[in-house]
Amino acid sequence: MNRTRFSFSERDLLPDADAGVLKLQALDGERSSGLALGLGITDDCNLKCPFCYYRQDGSPGKHAAMTPEFLERLLAGLGRVGVIMVGLEGEPLCHPDFGTMMEICSRHADSTVLITNGLLLSPDKVRVLNELRVSSVILSCDAVTPETYARLRPGGSLERFSENAKYLAAMCHARISVHSVVSDINWPELRAMPGFARSLGISCLSMTQLRNNEWSRLNGIRRASPAVIREFTAAVCREAEKCGTVIAFDYLYTPPGDRDWMRETVADFRSAEADLSPSCAAPWTGVSVLSDGRVFPCCGDIEPVMPESLTFDGIFNCKALLKLRQMLSGREVPEVCRKCLSGGQP
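Note that this is a predicted model, so its numbers are computed, not measured. (Residues numbered from 1 in each chain as written. Predicted model: local features only at pLDDT ≥ 70, side-chain atom pairs only at ≥ 80, totals over all residues. Heavy atoms only, no water.)

In terms of regular secondary structure, the protein is built from 14 helices and ten strands. Each of the 346 residues in the protein was classed as buried or not, and the buried ones make up 54%. Looking at the protein as shown, the accessible area adds up to about 15300 Å², and 51% of this sits on carbon and sulfur atoms. (Helix = DSSP H or I, 4+ residues; strand = E, 2+ residues; numbered from the N terminus. Buried < 20%, exposed > 50% of the residue type's maximum accessible area, 1.4 Å probe, protein only. Areas by Shrake-Rupley, 256 points an atom, 1.4 Å probe, with all protein chains shown as cover.)

Let us look at the nonpolar core. One finds Leu39, Phe161 and Phe249 to be the most contacted residues of the largest nonpolar core, which totals 89 residues. For this core, the element with the highest residue contribution is helix H9 (residues 226-243), accounting for six residues. Those residues in contact with Leu39 that lie beyond four places of it in its chain are Met66, Leu71, Leu74, Ile84, Met85, Val86, Gly87, Leu88, Cys105 and Val289. (Core = buried A, V, L, I, M, F, W, Y, C linked by side-chain atoms within 4.5 Å. Contact = heavy atoms within 4.5 Å.)

With that settled, consider the sheet that holds strand E5 (residues 175-182). In spatial order, the strands read E8-E7-E6-E5-E4-E3-E2-E1-E9-E10; together these ten strands make up an open sheet with mixed pairing. In this open sheet, the two edge strands, each paired with only one partner strand, are strand E8 (272-274) and strand E10 (295-296). Sheet analysis places strand E2 (residues 81-86) next to strand E3 (residues 109-116), joined by five bridges and oriented parallel. From the neighbouring strand, Val81 faces E3, where its bridge partner is Ala109. Along the sheet, helix H2 (residues 98-108) makes contact with strand E1 (36-39), E2 and E3, crossing E3 at roughly 145 degrees. (Pairing = 2+ DSSP bridges. Axes fitted to C-alpha atoms, helices over the stretch in contact; angles between N-to-C directions.)

Glancing now at the pairing of E3. Running through H2, the crossover from E2 to the neighbouring parallel element E3 is right-handed. Inspection of the sheet shows E3 paired to strand E4 (residues 136-140) by four bridges, in the parallel sense. Among the inter-strand pairings, Ile115 is bridged to a residue of E4, identified as Ile138. One crossover worth recording links E3 to the parallel E4 by way of helix H3 (residues 123-131), and it is right-handed. (Right-handed = clockwise from strand over helix to strand, strands pointing away.)

Attention shifts here to the packing of aromatic side chains. This model, assessed by the stated rule, comprises three aromatic pairs. Centroid distance Tyr149 to Phe161: 6.2 Å. Interplanar angle 40 degrees. Geometry classified as tilted. Linking Tyr149 in helix H4 (residues 146-152) with Phe161 in helix H5 (residues 158-171), this pair joins segments that are twelve residues apart in sequence. When sorted by exposure, Tyr149 lands in the same class as Phe161, which is buried. Ring geometry for Phe312 against Phe316: centres 4.7 Å apart, planes inclined by 25 degrees, an arrangement best described as stacked. One end of the pair, Phe312, and the other, Phe316, are both in helix H12 (residues 312-316), four residues apart, so they sit about a helical turn from each other. Each of the two residues, Phe312 as well as Phe316, counts as buried. (Phe/Tyr/Trp six-rings, centres within 6.5 Å; stacked < 30°, edge-to-face > 60°.)

Under the 1.5 Å per step criterion, the end-to-end length of H5 is 20 Å for 14 residues, consistent within 8% with the ideal 20 Å. Of all the residues in H5, the buried ones are Leu158, Phe161, Ser162, Asn164, Ala165 and Leu168. Tucked inside the fold, the buried residues of H5 contact H3, E4, H4, E5 and helix H7 (193-199). The N-terminus of H5 is capped by Ser157, whose side-chain oxygen sits 3.2 Å from the backbone nitrogen of Glu159. (Expected span 1.5 Å × (residues − 1). Polar contact = N/O pair within 3.5 Å; in protein donor to acceptor, adjacent residues only side chain to side chain.)

It is worth spelling out unusual backbone geometry at this point. Despite not being glycine, Leu88 shows a phi value in the positive range, around 65 degrees. Mapping Leu88 onto the fold places it in the loop between E2 and H2. Leu88 sits in the partly exposed class, given a relative accessible area of 26%. Phi angles above zero are rare outside glycine, and Arg133 is one such case at about 55 degrees.

Once that is clear, we can look at the pattern of salt bridges. If you walk through the whole model with that rule in mind, you get eleven salt bridges. With a shortest N-O distance of 2.8 Å, Arg294 and Asp292 are connected by a salt bridge. Judged by relative accessible area, Asp292 falls into the partly exposed class, the value being 36%. The salt bridge partner of Arg294 is Glu303, with a shortest N-O separation of 3.7 Å. Classification of Arg294 by relative accessible area gives partly exposed; the value is 25%. Taking relative accessible area as the criterion, Glu303 reaches 31% and is therefore assigned partly exposed. Bridged by salt links that share partners, the residues Glu72, Glu103 and Arg107 form one connected network. (Salt bridge = Lys/Arg side-chain N within 4 Å of Asp/Glu carboxyl O.)

Moving on, we come to the environment of Leu139. Among the secondary structure elements, Leu139 is positioned in strand E4. On a C-alpha basis, the gap between Leu139 and Ser177 in space is 6.1 Å, while along the polypeptide they are 38 residues apart. Apart from the residues lying within four places of it in its own chain, the contact partners of Leu139 are Thr116, Gly118, Leu121, Phe161, Ala165, Leu168, Ile176, Ser177, Val178, His179 and Ile202.

A word on the side chain of Ser206. Inspection of the secondary structure puts Ser206 in strand E6 (residues 204-209). Side-chain polar atoms of Ser206 contact the side chain of His179, separated by 2.7 Å. In this structure, Ser206 is in contact with Val178, His179, Ser180 and Ala248, ignoring residues within four places of it in sequence.

Taking 1.5 Å of rise per residue, 18 residues should cover 26 Å, and H9 covers 26 Å from first to last C-alpha, within 8% of that figure. All of the buried residues in H9 are Val228, Ile229, Phe232, Thr233, Ala234, Ala235, Val236, Cys237, Glu239 and Ala240. Just downstream of H9, Gly244 is the residue with a positive phi angle, here 75 degrees.

Take a look at the structure:
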């Protein structure tokens, strides 16, 4: 069962000269390009989540790990970037040289962000985060009861997550937040997530909706209905207000056709905010690199490609990205992008 991806053939790609106005620019030294770089430093994971967007074939991955030497060469060729987000395809704490990889990232970016399920956190790893002044740690958690957590995070334990999250919130200097994926399985209890997070010492939440994919469908997990999402959104915002937590909904949470009610809903709550961008800015704001070195513009179904070189142009301005920017600028939106914004709905 393969992911349905959008890929570019050589005859589709633009000559560099035709796309010059769409190129991003590198900056060196103390100046930053302000761009974001996502890194999948390993595809290994300690869980087998039944809705994982990176495991739609149900495979455990190749247990690939990016080497520190490759990461040094990659970042040396990019110039200084605004933020490096370490997460993506696997659990970054599974990387055997996690501390070294984070140290390399911290030297090449204005800020670094760690995205983790939190189950492998330890005092030593938290010490590394503090020493490197990691700016933000995002903990993935989609349940507040052990039963639902066990279903959505097989191999994990809500008790272990809670213990580690409390320790992180108490001992780490970074901004700590909890990120949840809302589906038809967990929405009733996620209304209590603000209070649950508060009990861990965490006051920042973010949420998105499940993007339908083959793996989630096979496992009986789908998006909640639009009516349910409207009920849920208002309820979780009320709970966040009551608990004194801040909750942010990302731009994939609300399909374009639902932006008006979302705008009205969050306007009623001081503690809620939503990204209501009219279109996707990902191809202009950053790029992601997987553990095997392939490059892609976002976590949607666009086929990753090998970089043309380990340079800024080879990564941020590879021909596939230039073509995608041209298509989106001319409103020739690929079907895969339309499906992404609609949550994977056909």
